[in-house]
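# Residue-level structure breakdown
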Amino acid sequence: MTDYADITVDRDGPVLTITLDRPDAGNKFRHGTCLELSDALQRFRLDPALRVAILTGAGEKFFCIGGEHDEMTSLDQSQVLPILDVYQAIDTIPKPVIAAVNGFAVGGGHVLHTVCDLTIAAEHAVFRQVGPMVGSFDAGYGTWYLEDAIGRKRAKEMWYLNRKYTAAQALAMGLVNEVVPADGLRERAMEVARDLATRSPLALGGLKSAFSGRHNGVSGQARMAHDQFLTLYLTTQEAHEVSASFAERRQPDAGRFWQ
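## Considering the overall build of the chain
- Along the chain, the regular secondary structure elements total 12 helices and 10 strands.
- The buried share of the chain, taken over its 259 residues, is 46%.
- A separation of at least 24 residues holds for 69% of the contacts in the chain among residues at least 6 apart in sequence.
- A total of about 13,700 Å² of accessible surface is found on the chain, and carbon and sulfur atoms cover 55% of it.

Pasting the structure below:
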């Protein structure tokens, strides 16, 4: 796999594990981190042998505690943290992405796990939004998808009051799918990933597009239609017959596909 500076990427059969690898900095993302994540996710999307991705953080304390504040205040707008591209990639890739939260998930790091399809948390994980405390907010994935997961009142509580929530509290409110001992987190995430890898990729891709499409307007519907079209066009006898008949300048034998 490609060598990166801020992340590590490990491949195990059909499962790709992407690890934010800046533990001394809280696994914060900076400009280069976002570019590396986008590249790794695009490679995951395009590799037909890879079926599920796990996203986690290095070390035992931090999953991700958001973006580098110094970068956000020192770079011009065209350079600052293209993290939205990462959120969009996770949301639109027609393959499952699992967040394995190994510690603090705060700010943009909290949005990062929220936008993943499933979240498995270590028992010591902590979840928090801090936007109003630092003068920032997320008016897209971090609010809409959070509301879907835990309800409007609880999502507003999380954003407005900036409280810390334990893994057990997160499980109770529907913010995560499972809570496991810290030493079993990666093993459990891999177990779930391998289980998902046995499912129909067409069905999983269609379901994921359906879940995200209602929030993404015409682009979401277009993505769902595009991905399903490609699958049908490349794999069905009907598409092969109609395409071949056009190339051979003859009438297609389409009647048999109406049955």
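## Here we look at the pattern of salt bridges
- Inspection of every chain in the model, using the stated rule, returns 13 salt bridges.
- With a closest N to O distance of 2.8 Å, Arg-30 and Asp-6 form a salt bridge. Within this pair, whereas Arg-30 is found in the loop between β2 (15–20) and α1 (31–46), its partner Asp-6 is found in the segment before β1 (7–12), the two being separated by 24 residues in sequence.
- In this structure Asp-6 comes out as buried when scored by relative accessible area, which is 3%.
- Note that Lys-208 is salt-bridged to Asp-117, the shortest N-O span being 2.8 Å. Placement of Lys-208 in helix α10 (residues 201–213) and of Asp-117 in the loop between α4 (108–115) and β7 (118–122) is noted, with a sequence separation of 91 residues between them.

## Section: α10
- Spanning 13 residues, α10 covers 18 Å between terminal C-alpha atoms, matching the ideal 18 Å at 1.5 Å per step.
- Turning to α10, its buried residues number three or more, namely Gly-205, Gly-206, Lys-208, Ser-209, Ser-212 and Gly-213. For α10, the angular spread of the buried residues around the axis is 165 degrees, confining them to a single face.

## Topic: unusual backbone geometry
- Even without a glycine there, the phi angle at Asn-27 is positive, about 55 degrees.
- On the secondary structure map, Asn-27 appears in the loop between β2 and α1.
- Here the phi dihedral of Asn-162 falls at roughly 60 degrees; this positive angle occurs in a residue that is not glycine.
- Relative to the helices and strands, Asn-162 is located in the loop between α7 (152–161) and β9 (165–166).
- Judged by relative accessible area, Asn-162 falls into the buried class, the value being 8%.

## Some points on the environment of Asp-24
- Checked against the element boundaries, Asp-24 lands in the loop between β2 and α1.
- Looking at Asp-24, the relative accessible area reads 84%, which means it is exposed.
- Put simply, Asp-24 and Ala-58 are 34 residues apart on the chain and 9.3 Å apart in space, counted from C-alpha to C-alpha.

## Re the side chain of Asp-138
- One can find Asp-138 in the loop between α5 (131–134) and α6 (141–150).
- We note that Asp-138 is buried and unpaired, the nearest opposite charge coming from Arg-152 at a distance of 14 Å.
- Excluding its chain neighbours within four sequence positions, the residues that come into contact with Asp-138 are Tyr-87, Val-111, Thr-143 and Trp-159.

## Here's the deal with the pairing of strand β3 (residues 52–57)
- In terms of burial, β3 is a largely internal element, six of the six residues being buried.
- The side-chain alternation of β3 yields two buried faces, one formed by Val-52, Ile-54 and Thr-56 and the other by Ala-53, Leu-55 and Gly-57.
- One ladder, built from six bridges, connects β2 with β3; its direction is parallel. Each residue of the ladder has a partner; that of Leu-20, found in β3, is Gly-57.
- Each parallel crossover has a hand, and for β2 linked through α1 to β3 it is right-handed.
- Relative to strand β5 (residues 97–101), β3 runs parallel, the two being bridged by four bridges. By the bridge assignment, Ile-54 is partnered in β5 with Ile-98.

## Section: the layout of surface pockets
- Roughly 700 Å³ of internal volume is contained in the second largest pocket.
- Among the elements of the structure, α4, β7, α6 and α10 are those that each provide at least two residues to the lining of the second largest pocket.
- Considering every element that reaches the lining of the second largest pocket, the biggest residue donor is α10, with five residues.

Rules of the game
- Residues numbered from 1 in each chain as written.
- Predicted model: local features only at pLDDT ≥ 70, side-chain atom pairs only at ≥ 80, totals over all residues.
- Heavy atoms only, no water.
- Helix = DSSP H or I, 4+ residues; strand = E, 2+ residues; numbered from the N terminus.
- Buried < 20%, exposed > 50% of the residue type's maximum accessible area, 1.4 Å probe, protein only.
- Contact = heavy atoms within 4.5 Å.
- Areas by Shrake-Rupley, 256 points an atom, 1.4 Å probe, with all protein chains shown as cover.
- Salt bridge = Lys/Arg side-chain N within 4 Å of Asp/Glu carboxyl O.
- Expected span 1.5 Å × (residues − 1).
- Arc of directions from axis to C-beta.
- Lys, Arg positive; Asp, Glu negative; His and termini not counted.
- Pairing = 2+ DSSP bridges.
- Right-handed = clockwise from strand over helix to strand, strands pointing away.
- 1 Å grid on protein atoms, 1.4 Å probe; cavity = no way out; pocket = protein on both sides within 12 Å on 5 of 7 lines; lining within 4 Å.
- Points joined across faces, edges and corners; volume = space filled by probe spheres on them.

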